[in-house]
Structure formats: C-alpha cells, structure tokens
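Breakdown of the fold
For reference, the chains in residue letters:
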Amino acid sequence: MSDHMIGRLNHVAIATHNLEQATALYRDTLGAKVSAPVSLPDHGVTVVFVELPNTKIELLEPLGADSTIRPFLERNAAGGIHHICYEVDDILSARDRLKAKGARVLGDGEPRIGAHGKPVLFLHPKDFCGTLVELEQV
Ligand code: CO
C-alpha cells in the first residue's frame, strides 16, 4: 500500500460573479471545451465544467441567497480560485489520517456527495497554505 494519501489533481474551482462571461472567456478566448451550465442547488452553485487534457476547471457562480460562494466573492471582487480538489482512494481513511495530524475538516466531518456524484470533504484553508482543499474519493 502506498504511503501517498493524495493522488491526481481532480479540478481547480474558480468562483465568478458572471458565469456567462467566464464561460465565454474559457471557450472563446482560451479555446477550451466547456459544458453547459449545471445548477446544483444542494451545493449553492451553478457550475460549468471545463475539460482540459490533464484536469478540469470548474467555474462556479453562486446559486441561492446562502451560497457559500457569496462571501468569497465579497472578498474577491474579480472572482478567484475558490478551491482545489485532490483525488483520494479512501476518503474516510484520508480524513482520519488528516485529523490525527491536526488538520480541520469542515462541516460535520462526514463526506457528502459532491458535484461529480462522489464523496467529498473540505479541509480548512488555514491548515493548507491558505487554500481551501477538497478531497474526492474516486
Ligand atoms: Co470542487
């Protein structure tokens, strides 16, 4: 068994005030393959998936009044990188190892089903170089 806990970079999520503009930027200016917008009310976001050869970018726009993306956008007027997502083989084992090392898991600490229909957890940005980290079991 490998000693490495995290695997591939699954995606980088970028929060934006205007999903239509962000989509046009990635599709037309950068020439990337982008999906149609998908509304995820449980997650408080509308998302566009940008497919790159080696990873994905997710463009996030707040959906609903209590979207967790809203406070982030209040602090970041131009939008910005909201989180990065690493793949893990076993999310519960990863969580327990991280907690044992003092890392804080957000929410109630139990995995929930993320934007790709797979279990995810989020780790406190203050414990990870100022970056919100998502773990996704693949
Ligand atoms: Co994500």
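Quantities reported herein were computed from a predicted structural model and do not represent experimental measurements. (Residues numbered from 1 in each chain as written. Predicted model: local features only at pLDDT ≥ 70, side-chain atom pairs only at ≥ 80, totals over all residues. Heavy atoms only, no water.)

1. A few points about the overall build of the protein chain
Helix and strand counts for the protein chain stand at 3 helices and 9 strands. Moving toward the C terminus, one meets the helices and strands of the protein chain in the order β-α-β-β-β-β-α-β-α-β-β-β. On C-alpha atoms alone, the protein chain measures out to a radius of gyration of 15 Å, which is about the 14 Å that the 2.2 N^0.38 rule sets for 138 residues. By its C-alpha atoms, the protein chain is 45 × 35 × 25 Å across when sized along the principal axes. Taking all 138 residues of the protein chain together, 40% fall into the buried category. Sequence separation of 24 or more characterises 54% of the internal contacts of the protein chain that already satisfy a separation of 6 or more. When the accessible surface of the protein chain is split by element, carbon and sulfur atoms take 54% of a total near 8100 Å². Positive and negative side-chain charges of the protein chain, numbering 14 and 18 respectively, have mean locations separated by a distance of 4 Å. (Helix = DSSP H or I, 4+ residues; strand = E, 2+ residues; numbered from the N terminus. Rg over C-alpha atoms; globule rule 2.2 N^0.38 Å. Buried < 20%, exposed > 50% of the residue type's maximum accessible area, 1.4 Å probe, protein only. Contact = heavy atoms within 4.5 Å. Areas by Shrake-Rupley, 256 points an atom, 1.4 Å probe, with all protein chains shown as cover. Lys, Arg positive; Asp, Glu negative; His and termini not counted. Charge placed at Lys NZ, Arg CZ, Asp CG, Glu CD.)

2. Focus on the environment of Pro111
Examined against the element boundaries, Pro111 turns out to sit in the loop between α3 (91-100) and β7 (112-113). Remark: the alpha-carbon pair of Pro111 and Leu92, spanning 19 residues in sequence, is separated by 7.8 Å. Non-local contacts of Pro111, meaning those with residues more than four positions away in its chain, are made with Ile91, Leu92, Arg95, Pro119, Val120 and Leu121.

3. Looking at the layout of surface pockets
Reported here for the largest pocket is a volume of approximately 800 Å³. Forming the boundary of the largest pocket are 36 residues, of which Thr68, His82, His83, Phe122 and Leu132 lie nearest the centre. For the lining of the largest pocket, the secondary structure elements donating two or more residues are β5 (56-62), α2 (69-75), β6 (80-88), β8 (119-123) and β9 (133-137). Looking at the lining of the largest pocket, the element that brings in the most residues is α2, giving 4 residues. Considering only residue class, the lining of the largest pocket consists of 14 nonpolar, 13 polar and 9 charged. (1 Å grid on protein atoms, 1.4 Å probe; cavity = no way out; pocket = protein on both sides within 12 Å on 5 of 7 lines; lining within 4 Å. Points joined across faces, edges and corners; volume = space filled by probe spheres on them. Nonpolar A, V, L, I, M, F, W, Y, C, P; charged D, E, K, R; others polar.)

4. Focus on α3
Regarding α3, the residues found buried are Ile91, Ala94, Arg95 and Leu98. Down the axis of α3, the smallest arc covering the buried residues is 100°, so these residues share one side. Those residues of α3 that are buried are in contact with β6, β8 and β9. Structurally, the start of α3 carries an N-cap: the backbone nitrogen of Leu92 is 3.2 Å from a side-chain oxygen of Asp90. Once α3 ends, the next one or two residues include Gly102, with phi positive near 95°. (Arc of directions from axis to C-beta. Polar contact = N/O pair within 3.5 Å; in protein donor to acceptor, adjacent residues only side chain to side chain.)

Nothing here speaks to function; it is geometry throughout.
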